[in-house]
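So the chains spell out like this:
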Amino acid sequence: SQTIHQWPATLVQPVGSPLSLECTVEGTSNPNLYWYRQAAGRGLQLLFYSVGIGQISSEVPQNLSASRPQDRQFILSSKKLLLSDSGFYLCAWSVTAEKLFFGSGTQLSVL
Amino acid sequence: DAKTTQPPSMDCAEGRAANLPCNHSTISGNEYVYWYRQIHSQGPQYIIHGLKNNETNEMASLIITEDRKSSTLILPHATLRDTAVYYCIVRRAGGTSYGKLTFGQGTILTVHP
């Protein structure tokens, strides 16, 4: 069966520090991969999606970047975190467009 | 993708059916209705989706009106673990949308003993 791993579960980082969140998927090949963010009290916002290795599409201009170095690995990064980067970050995968499967999320607090 | 409107919150007694409404009056003929839910501090979970026929799976039933302008998600026997935010999403199937979902504010369903 397919599983998605996302870590860490919680992270506290100072403003200006770098960020690297990793997500891996098991049990499927060539999945579509996504990074979503949920700010406090708000809905989920799609940040990036990828349909293959090295293929990244950005949905909103921001301080973050994404990379897909391997088929089932998706990384969210920042060189210098801002206060506004705080939020709940979710990785997701799909094979068909109808169903997305989400990871357990990373709660990022930038102080 | 069509916009959806949901009540901000609903209550339901444990063991009773929970009926969550969603309005999507601008839905197009090729747009599906999807339901996800998000339990506190977890990632969203897919529940069900449909085009125009009613759908049922092990989690819930989806009733779509004949004009497709509204739908209702039914949890037949709600439990305390069904307390979550429920999102109704309308989007085209396939194409180049690559599973991009637009999550609104959803409905906070509280199941009480």
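For the structure, see preceding data.
Parameters and conventions
Residues numbered from 1 in each chain as written. Chains lettered and ligands numbered in written order. Predicted model: local features only at pLDDT ≥ 70, side-chain atom pairs only at ≥ 80, totals over all residues. Heavy atoms only, no water. Helix = DSSP H or I, 4+ residues; strand = E, 2+ residues; numbered from the N terminus. Rg over C-alpha atoms; globule rule 2.2 N^0.38 Å. Buried < 20%, exposed > 50% of the residue type's maximum accessible area, 1.4 Å probe, protein only. Areas by Shrake-Rupley, 256 points an atom, 1.4 Å probe, with all protein chains shown as cover. Contact = heavy atoms within 4.5 Å. Buried area = accessible area lost by both parts, 1.4 Å probe. Salt bridge = Lys/Arg side-chain N within 4 Å of Asp/Glu carboxyl O. Nonpolar A, V, L, I, M, F, W, Y, C, P; charged D, E, K, R; others polar. Pairing = 2+ DSSP bridges. Axes fitted to C-alpha atoms, helices over the stretch in contact; angles between N-to-C directions. Phe/Tyr/Trp six-rings, centres within 6.5 Å; stacked < 30°, edge-to-face > 60°. Core = buried A, V, L, I, M, F, W, Y, C linked by side-chain atoms within 4.5 Å. Disulfide = S-S within 2.5 Å.

(A) Here's a closer look at the overall build of chain A. Along the backbone of chain A there are zero helices and 11 strands. Moving toward the C terminus, one meets the helices and strands of chain A in the order β-β-β-β-β-β-β-β-β-β-β. The C-alpha atoms of chain A give 13 Å as radius of gyration, which agrees with the globular expectation for 111 residues (13 Å, within 12%). The principal-axis extent of the C-alpha atoms belonging to chain A is close to 40 × 25 × 20 Å. For chain A, the residues scored as buried account for 49% of the 111 residues in total. Accessible surface for chain A amounts to roughly 5200 Å². Of this, 52% is attributable to carbon and sulfur atoms.

(B) View of the interface of chain A and chain B. With 21 residues of chain A in contact, the opposing surface of chain B contributes 20 residues. Approximately 1600 Å² of surface area, both sides summed, lies buried where chain A meets chain B, with 57% of it carried by carbon and sulfur atoms. In this assembly, chain A and chain B are joined by zero salt bridges. When residues of the side of chain A that touches chain B are traced back to their parent elements, those giving at least two are strand S4 (32-38), strand S5 (44-52) and strand S9 (87-94) of chain A. When grouped by side-chain class, the residues that make up the side of chain A that touches chain B number 11 nonpolar, six polar and four charged.

(C) A look at the sheet that holds strand S1 (residues 3-7) of chain A. All names here are of chain A. Taken together, the four strands give an open sheet; going across it, the order is S1-S3-S8-S7, and neighbouring strands pair in antiparallel fashion. Pairing within the sheet leaves two strands with one partner each, and these edge strands are S1 and strand S7 (65-70). Strand-to-strand twist across the sheet, computed as the mean angle between neighbouring axes with direction ignored, equals 20°. When strand S3 (residues 19-26) meets strand S8 (residues 73-78), the two strands line up antiparallel, connected through six bridges. Within the sheet, the bridge partner assigned to Cys 23 lies in S8 and is Phe 74.

(D) Representation of the packing of aromatic side chains within the structure. In this structure the tally under the stated criterion is 11 aromatic pairs over all chains. Seen from their ring centres, Tyr 36 of chain A and Phe 102 of chain A are 5.5 Å apart, and the 55° between their planes marks the pair as tilted. With Tyr 36 of chain A in strand S4 and Phe 102 of chain A in strand S10 (residues 101-102), this pair connects stretches of sequence that are 66 residues apart. Classification of Tyr 36 of chain A by relative accessible area gives buried; the value is 0%. On the basis of relative accessibility, which here comes to 11%, the residue Phe 102 of chain A falls in the buried class. Centre to centre, the rings of Trp 93 of chain A and Phe 101 of chain A are 4.8 Å apart; their planes meet at 25°, and the pair counts as stacked. You can call Phe 101 of chain A partly exposed: its relative accessible area is 36%. One aromatic cluster is present, built from ring pairs that chain together Tyr 34, Tyr 36 and Phe 102 of chain A together with Tyr 36, Tyr 46, Tyr 87 and Phe 103 of chain B.

(E) Focus on the nonpolar core. Counting residues in each nonpolar core, the largest one holds 22 residues, and the members touching the most others are Leu 20, Trp 35, Leu 73, Leu 75, Tyr 86 and Leu 109 of chain B. Looking at this core, the elements with two or more residues in it are strand S2 (18-23), strand S3 (31-38), strand S4 (45-50), strand S6 (61-64), strand S7 (70-75), strand S8 (84-92) and strand S9 (107-112) of chain B. Among the elements that make up this core, the one with the highest residue count is S8 of chain B (four residues). Grouped together as the second largest cluster of nonpolar side chains are 20 residues, Leu 19, Leu 64, Tyr 89 and Val 110 of chain A included.

(F) Fine view of the state of the cysteines. In this structure the tally under the stated criterion is two disulfides over all chains. The disulfide partner of Cys 23 of chain A is Cys 91 of chain A, and the S-S distance across this bridge is 2.0 Å. Residues Cys 23 of chain A and Cys 91 of chain A share a disulfide whose torsion about the S-S bond is about -75°; that sign makes it left-handed. Here Cys 91 of chain A lies in strand S9 and Cys 23 of chain A lies in strand S3, a separation of 68 residues in the sequence. Exposure class is identical for Cys 23 of chain A and Cys 91 of chain A. Each is buried. In this model Cys 22 of chain B forms its disulfide with Cys 88 of chain B; the gap between the sulfur atoms is 2.1 Å. Across the S-S bond of Cys 22 of chain B and Cys 88 of chain B the torsion is about -85°, and the bridge reads as left-handed. One end of the pair, Cys 22 of chain B, is in strand S2; the other, Cys 88 of chain B, is in strand S8, with 66 residues separating them in the sequence. Of the two residues examined, Cys 22 of chain B and Cys 88 of chain B, each falls in the buried class. Between Cys 12 of chain B, a free cysteine, and Cys 22 of chain B, which holds the nearest cysteine sulfur, the sulfur-to-sulfur gap is 18 Å.

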